[in-house]
Amino acid sequence: MLLKLAVLGGLGYAGYKYYEKNRRDHAAAYAGGQKSGSVRDAGPEAMADKPRRHWNDVDQASDESFPASDPPAKY
């Protein structure tokens, strides 16, 4: 029983260390070469994960207006 508890504790500690090592410290999904901060540059080229479809004018305007509260006027 004590051996099982020690093994589970070791696995938990190893999992925690792995999580801490691979955790990102910033919230935005930056592409490489951008300065750090809480907001990334606008546009699909500044995204870490590329969009699955082609961006239109509304997508671009919406991304450029973030984190403003007003929606873009291109609808």
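Up top you'll find the structure we're talking about.
Reading the values: the criteria
- Residues numbered from 1 in each chain as written.
- Predicted model: local features only at pLDDT ≥ 70, side-chain atom pairs only at ≥ 80, totals over all residues.
- Heavy atoms only, no water.
- Salt bridge = Lys/Arg side-chain N within 4 Å of Asp/Glu carboxyl O.
- Helix = DSSP H or I, 4+ residues; strand = E, 2+ residues; numbered from the N terminus.
- Buried < 20%, exposed > 50% of the residue type's maximum accessible area, 1.4 Å probe, protein only.
- Contact = heavy atoms within 4.5 Å.
- Patch = residues over 30% accessible without salt bridge, like charges linked within 9 Å, V, L, I, M, F, W, Y side chains within 5 Å.
- Areas by Shrake-Rupley, 256 points an atom, 1.4 Å probe, with all protein chains shown as cover.

1. Re the pattern of salt bridges
Consideration 1: By the definition in use, this model includes one salt bridge.
Consideration 2: Where Arg53 meets Asp59, a salt bridge forms, and the shortest distance between an N and an O atom there is 2.8 Å.

2. Concerning the environment of Trp55
Consideration 1: Mapped onto the elements of the fold, Trp55 is located in the loop between α1 (2-22) and α2 (57-65).
Consideration 2: Judged by its relative accessible area of 18%, Trp55 is buried.
Consideration 3: Considering only alpha carbons, one finds Trp55 and Pro44, eleven residues apart in sequence, at a separation of 7.7 Å.
Consideration 4: Residues in contact with Trp55, not counting those within four places in the same chain, are Gly43, Pro44, Met47, Gln60 and Asp63.

3. Looking at a nonpolar patch on the surface
Consideration 1: On the surface, a nonpolar cluster with roughly 440 Å² of combined accessible area is contributed by Leu3, Val7, Leu8 and Leu11.
Consideration 2: Tracing the sequence through the fold places Val7 in helix α1.

4. As for the environment of Met47
Consideration 1: Within the secondary structure layout, Met47 lies in the loop between α1 and α2.
Consideration 2: On the basis of relative accessible area, Met47 is assigned to the buried category, the value being 18%.
Consideration 3: When the C-alpha positions of Met47 and Ala31 are compared, they lie 5.0 Å apart, and in sequence the two are 16 residues distant.

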